[in-house]
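Residue-level listing of the chains:
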Amino acid sequence: MSIVVVGSVALDSVETPYGKVQNALGGSATYFSVSASFFTNDVKLVAVVGEDFPQEHLDFLNSRGIDLEGLERVEGKTFHWSGRYGASLSGAETLATELNVFEKFSPKVPDNYKNSEYVFLANINPELQMDVLGQVRNSKLVACDTMNLWIAERRDHLMETLKHVDILIINDAEARQLSGEQQVNMSARKILEYGPSRVIIKKGEHGAMTLTNTSYFSSPAYPLKLVFDPTGAGDTFAGGFMGYLASTDDISEQNIRKAIVYGTVMASFDVEDFSLNRQRILTREEIETRFAEVKAITEF
Ligand code: AMP
């Protein structure tokens, strides 16, 4: 089954206690697509980049089999985000968000994307998320991400988008900000009232939980020895989650639990290096090994 994703394709400048990178490949849709591409060869990207976007990044996305027909290249500069992580590596401090070519972006979903069964609205302005959702016809599952900037500055549009999505995937700080509730479980319960039938809350090194009106599941994070750069962990989680669901075309509770563990495993690789460097050398065998390890550490 195919997945269509809209979100940012970016050049990121990131600083962590372990080093820094300038204008490295990043973006919510980039991390998502590359992660999903380890499970399905039918990932279709909708985004925009500027003239400064290096060809080598396009070559990398192409090498992962990602459909780039919906990736526009226009005059101007690529979206640029810069952020910094403190010693705990929990949550980035945004230093700058330069929307650049995203400021005037009006997504045109290519015809051969429109029947995609799986839709992911990666972190971007909720008006663009809705615009893309309005152009797809046959979706079986729509999931969505967002961040503090949009919760604060585009709340009304975000609340409108949430009425049309099945799953919201966000981190614990965003869940608190969106719901006004301090406890993770209470915030998940409150968000269910906004529209999604399932909420998935990522809690960094404490793993991820999911709640519906009738079910609850929690997965630990993979117990890494070193975290280098958390950028993109959330989008990489979502890519593994949606990629696995699309590849199996099974959205039963049991399979969603497996998909959450695949998301957890993918995120664990992402944080081992800056940008998407770890993903460049990652193999499906390594993914399966970590999946089995998470299964083993949760058995009792
Ligand atoms: P994550 O660490 O999973 O939250 O995602 C980090 C990625 O999100 C970075 O590669 C950024 O380029 C991208 N990003 C940061 N801020 C925004 C924003 N306001 N809209 C869209 N993408 C963003």
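For the structure, see preceding data.
Here goes a summary of the coordinates provided. Predicted, not measured: the structure shown is a model, and the values here were computed from it. (Residues numbered from 1 in each chain as written. Predicted model: local features only at pLDDT ≥ 70, side-chain atom pairs only at ≥ 80, totals over all residues. Heavy atoms only, no water.)

In this section: the site of the ligand. In the vicinity of the ligand lie 21 residues, with Ser-8, Asp-12, Gly-27, Gly-232 and Asp-235 positioned nearest. Interatomic distance of 2.8 Å between a side-chain N/O atom of Ser-8 and a nitrogen atom of the ligand. In the environment of the ligand, an oxygen atom lies 2.7 Å from a nitrogen or oxygen atom belonging to the backbone of Gly-27. Considering the ligand on its own, with 510 Å² of exposed area, one finds that the protein chains cover 89% of that surface. Contributions of two or more residues to the shell around the ligand are made by β2 (10-16), α1 (28-36), β6 (79-84), α4 (148-153) and α8 (233-248). Here the shell around the ligand gets three residues from one element, more than from any other, and that element is α8. (Near = heavy atom within 4 Å. Polar contact = N/O pair within 3.5 Å; in protein donor to acceptor, adjacent residues only side chain to side chain. Areas by Shrake-Rupley, 256 points an atom, 1.4 Å probe, with all protein chains shown as cover. Helix = DSSP H or I, 4+ residues; strand = E, 2+ residues; numbered from the N terminus.)

Below, the discussion takes up the packing of aromatic side chains. In total, this model carries 10 aromatic pairs according to the counting rule given. With a centroid separation of 4.3 Å and 5° between ring planes, the pair formed by Phe-32 and Phe-120 is classed as stacked. Here Phe-32 is found in helix α1, whereas its partner Phe-120 is found in strand β8 (residues 118-121), with 88 residues between them in sequence. No difference in accessibility class separates Phe-32 from Phe-120, as the two residues are buried. Judged by centre distance (5.5 Å) and plane angle (80°), the rings of Phe-102 and Phe-105 are edge-to-face. You'll find Phe-102 and Phe-105 in the same group, each marked buried. Through a chain of ring-to-ring contacts, three or more aromatic side chains come together here, namely Phe-39, Tyr-244, Tyr-262 and Phe-291. The cationic tip of Arg-64 hangs over the ring face of Phe-38; the distance from NZ or CZ to the ring centre is 3.8 Å. Its end group placed over the ring of Phe-269, Arg-290 keeps NZ or CZ at 3.9 Å from the ring centre. (Phe/Tyr/Trp six-rings, centres within 6.5 Å; stacked < 30°, edge-to-face > 60°. Buried < 20%, exposed > 50% of the residue type's maximum accessible area, 1.4 Å probe, protein only. Lys NZ or Arg CZ within 6 Å of the ring centre and 35° of its normal.)

Let's shift gears to the sheet that holds strand β12 (residues 208-211). Taken together, nine strands build an open sheet; the order of strands is β5-β4-β1-β8-β9-β10-β11-β12-β13 and the sheet is mixed. Among the strands making up the open sheet, the edge pair consists of β5 (67-73) and β13 (216-219). Across the sheet, the mean angle from the axis of one strand to that of its neighbour is 15°, orientation sign disregarded. As defined by bridge partners, strand β10 (residues 167-171) adjoins strand β11 (residues 198-202) across five bridges and the pair is classed as parallel. (Pairing = 2+ DSSP bridges. Axes fitted to C-alpha atoms, helices over the stretch in contact; angles between N-to-C directions.)

This is a description of form; function is not addressed.
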